[in-house]
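Structural features, examined
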Amino acid sequence: MADPSSYRPKPGQIPDSPGVYKFRDEHRRVIYVGKAKNLRQRVANYFQDLANLHPRTRTMVTTAASVEWTVVSTEVEALQLEYSWIKEFDPRFNVKYRDDKSYPYLAVTLNEEFPRVQVMRGAKKKGVRYFGPYGHAWAIRETVDLMLRVFPVRTCSAGVFKNAARTGRPCLLGYIGKCSAPCVGRVTPEEHRELAEDFCDFMAGRTGTYIRRLEKDMMQAAEEMEYERAARLRDDAEALKRAMEKSAVVLADATDADLIAVAEDELEAALQIFHVRGGRVRGQRGWVTDKVEAVDTSGLVEHALQQLYGEERGDAVPKEVLVPALPEDPEAVSQWLADRRGSQVSLRIPQRGDKKDLMATVQRNAQQALGLHKTKRASDLTTRSRALEEIAEALGLDTAPLRIECYDISHLQGDDVVASMVVFEDGLARKSEYRRFQIKGFEGQDDVRSMHEVIGRRFKRYLQDKERTGEWEEAQEAAPGAPGSASVHASATGPASMGPAATDPAATGQATAGPAATGQAAAVPAATGPAATGPVPAPELTAASPDDEPEPREDDGRPKRFAYPPQLVVVDGGQPQVAAARRALDELGIDDIAVCGLAKRLEEVWLPDDDDPVVLPRSSEGLYLLQRVRDEAHRFAITYQRAKRAKRIRSSPLDDVTGLGETRKQALIKHFGSVKKLRQATIDEICEVPGIGRRTAESVVAALATTAPAAPAVNTATGEIIEEDDGGSS
């Protein structure tokens, strides 16, 4: 636990201008980002008596090892920079809303030659027009089915579209009038795009124009006694009205607005958003977050606005945003929203009328969502804390293991041996830091040796990062009497310690305060090459596999590969695997990371050098957490192992032919029917295949000659030999 006074900036060092600040931990990882109108006043608040700080703020400042800031010219710039940094660094102490489910959107792919209407989930793509989100995918499909009568836009996949174009026959929707069949040329690309744009206009709320046009055409057809056409137009108008009726009118003035409501308690907050377009509710969305920082309702609203509109442009940002409480600086936030929309945005609290009534409805939804979430989690925050404390007590650790890494080995009878590393932080899976390994130091089945190799490779990378960033030398200076120690101490983060890449704070508006800046620790330049000294040099990764992650990025606060040490290493196995993991750490001089193993049969916890296991009660939350970590590592390992095995099984001798791509490979198989028949062909016969030259044909013959034919497949029921006919492998 760091003392905030060790990195407190000097009086007068912080400017009183608007800006954004970030706290870093001892590993230079950004853990909190904030903004302020006056940097001097805001940052100074973090360095008051710890007893006066909110418990979450106290945890943050004692976890941090340095603070930095960047000066900007306006509060709007500060808001934009804060959002960019939160997105880039993913700080652990910032509020981050997470969707309680993946909401479906109605999407129109305007970035394609023939736009397609479909249901989409997940991250938004450039060039795609989105409507929603909707509560259920079936609600989207019902709406689309009604609207295709009037706007017969393509809905088929790329494969179906290409197949119809190849055969010259449209799909069923083309025959029943619910698709304009651009695949067979019934409409031009320009005409089809116009249909798609009309579809988007209608979904955006401009409904009256199309209904009036259909009714006018219907009356004209009736006057001309074209009764069948008039009946069809009447049905089209009714279909559009039914599609509109699926969204009830909630605001009579046809307003475009988003209504945001927050329900919160001391630990968590739930947020609900109603998207109103043209006076109708077009979508609903819900988020839940842990209150990892001291924040009130206005702060939660500001975080929500940043995450909701940070990637949006144009009409995706509505004219009105109605909230339960205004942010700390409503003018700056309103200007930020207006910049993203391209026109004025009204950010306010509804006071009366329909909008206030609708806000009350949104608020009730938020309260219900929070109640449901807490019921599902069953006091999960308390449970996680208790689990970590139980693990620390059972294993004799000084502190709760906030970061746990678990390793598992997977293979099939000694083939395709792989390993997995999963990471849990604060009792929750952190999937972005999962890693996987190929075992290449030897061949065959040896779980103990495999575990030793994986642990060694992972922590060699960790030591390399320490050496590269200068933490190695600082650790030696801080503890000269502890050779081989891999303990990480708070790094100096003043300008002198940032290496040759550091810039002049006066020129860039950036400044750094840390132990070096306050004169409490000597600044050590970042290492730029292999260390020449030190009891345990970081070895090169001679055994690294292609699946190990690339070299870590520069020391900029972004998450790095293998850069952060765990407090606890868990291995899937018993005493032999634990001993192998401990031996790998000892060989690297790492003695401050605890190791244990969880054996599957009796769920016993094994410690190094202990002849008897630690037996946790079956009802123990600590045991339950260890089981979750172990099972996740097993799942991740076996998934990777199966993928490798499937890739190997699908391999073909043609894969070894240099310059033979997938297209020409398929052309060969299609021409000859199978690899077996291709093996019997001559060079001249192979040259007859379009796109295959004589040199390529000679390479194919040579490659097939060096590989033995596979043993024939046998039908186990009849004893018949199954002829090879698919050409997929030999």
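For the structure, check the block above.
Right, let's walk through the structure included here. (Residues numbered from 1 in each chain as written. Predicted model: local features only at pLDDT ≥ 70, side-chain atom pairs only at ≥ 80, totals over all residues. Heavy atoms only, no water.)

All right, on to the environment of Gly299 then. By the secondary structure assignment, Gly299 is in helix α10 (residues 297-309). Counting along the chain gives 204 residues from Gly299 to Val95, while the straight-line C-alpha distance between them is 9.3 Å. (Helix = DSSP H or I, 4+ residues; strand = E, 2+ residues; numbered from the N terminus.)

Let us look at the state of the cysteines. Following the criterion strictly, the structure yields zero disulfides and no others. Its sulfur unpaired, Cys171 is 5.4 Å from the next cysteine sulfur, which belongs to Cys179. (Disulfide = S-S within 2.5 Å.)

All right, on to the packing of aromatic side chains then. Summed over all chains, the structure comprises 13 aromatic pairs. Their ring planes at 80 degrees and their centres at 6.5 Å tell us that Tyr7 and Phe23 sit as a pair that is edge-to-face. With Tyr7 in the segment before β1 (19-25) and Phe23 in strand β1, the pair connects residues that are 16 residues apart, well separated along the chain. A relative accessible area of 0% means that Tyr7 is categorised as buried. Given the relative accessible area of 0%, Phe23 is considered buried. (Phe/Tyr/Trp six-rings, centres within 6.5 Å; stacked < 30°, edge-to-face > 60°. Buried < 20%, exposed > 50% of the residue type's maximum accessible area, 1.4 Å probe, protein only.)

Bringing the pattern of salt bridges into the picture now. Within this structure, the stated rule accounts for 26 salt bridges. Linking Glu112 and Arg154 is a salt bridge whose minimum nitrogen-to-oxygen distance equals 2.9 Å. Taken together, the positions of Glu112 in the loop between β5 (105-108) and β6 (117-120) and Arg154 in the loop between α4 (137-147) and α5 (158-167) put the pair 42 residues apart, joining distant regions of the chain. Given a relative accessible area of 5%, Arg154 falls into the buried group. Residue Glu405 pairs with Arg403 through a salt bridge whose shortest N-O separation is 3.1 Å. Note on Arg403: relative accessible area 6%, which makes it buried. One salt-bridge network, in which partners are shared between bridges, spans Arg29, Asp90, Arg403, Glu405, Glu425, Arg430, Glu433 and Arg458. (Salt bridge = Lys/Arg side-chain N within 4 Å of Asp/Glu carboxyl O.)

Glancing now at the packing of helix α3 (residues 75-89) against helix α11 (residues 330-341). The geometry of α3 relative to α11 is characterised by a closest axis approach of 9 Å and an angle of 70 degrees between their N-to-C directions. The orientation of α3 relative to α11 falls into the category roughly perpendicular. Considering the relative orientation of α3 and α11, their crossing is right-handed. Residues Glu75, Val76, Leu79 and Gln80 of α3 form the contact with α11, whose participating residues are Ala332, Val333, Gln335, Trp336, Asp339 and Arg340. In the contact of α3 with α11, the residues fall into five nonpolar, two polar and three charged. (Axes fitted to C-alpha atoms, helices over the stretch in contact; angles between N-to-C directions. Parallel < 35°, antiparallel > 145°, perpendicular 65-115°, else oblique. Left-handed = near helix turned anticlockwise from the far one by under 90°. Contact = heavy atoms within 4.5 Å. Nonpolar A, V, L, I, M, F, W, Y, C, P; charged D, E, K, R; others polar.)

Scanning all chains against the criterion turns up one cavity of 30 Å³ or more. Looking at the largest cavity, its volume works out to about 50 Å³. Around the largest cavity sit Arg154, Cys156, Val160, Phe161, Ala164, Cys171, Cys179, Ala181, Pro182 and Cys183, which together line it. The residue inventory of the lining of the largest cavity, partitioned by class, reads nine nonpolar, no polar and one charged. (1 Å grid on protein atoms, 1.4 Å probe; cavity = no way out; pocket = protein on both sides within 12 Å on 5 of 7 lines; lining within 4 Å. Points joined across faces, edges and corners; volume = space filled by probe spheres on them.)

Take the pairing of strand β18 (residues 568-572) next. Looking along a regular strand, one sees side chains alternate from face to face of the sheet. Counting buried positions along β18 gives five out of five residues, so the element sits mostly inside the fold. Both faces of β18 are covered, namely the face carrying Leu568, Val570 and Asp572 and the face carrying Val569 and Val571. Where strand β13 (residues 403-412) lies against β18, four bridges are found, and the strand directions are parallel. Paired with Tyr407 across the bridge in β18 is Val571. Pairing between β18 and strand β19 (residues 594-599): five bridges, direction parallel. Paired with Val570 across the strands is Cys596, a residue of β19. (Pairing = 2+ DSSP bridges.)

Just distances and angles here, no functional claims.
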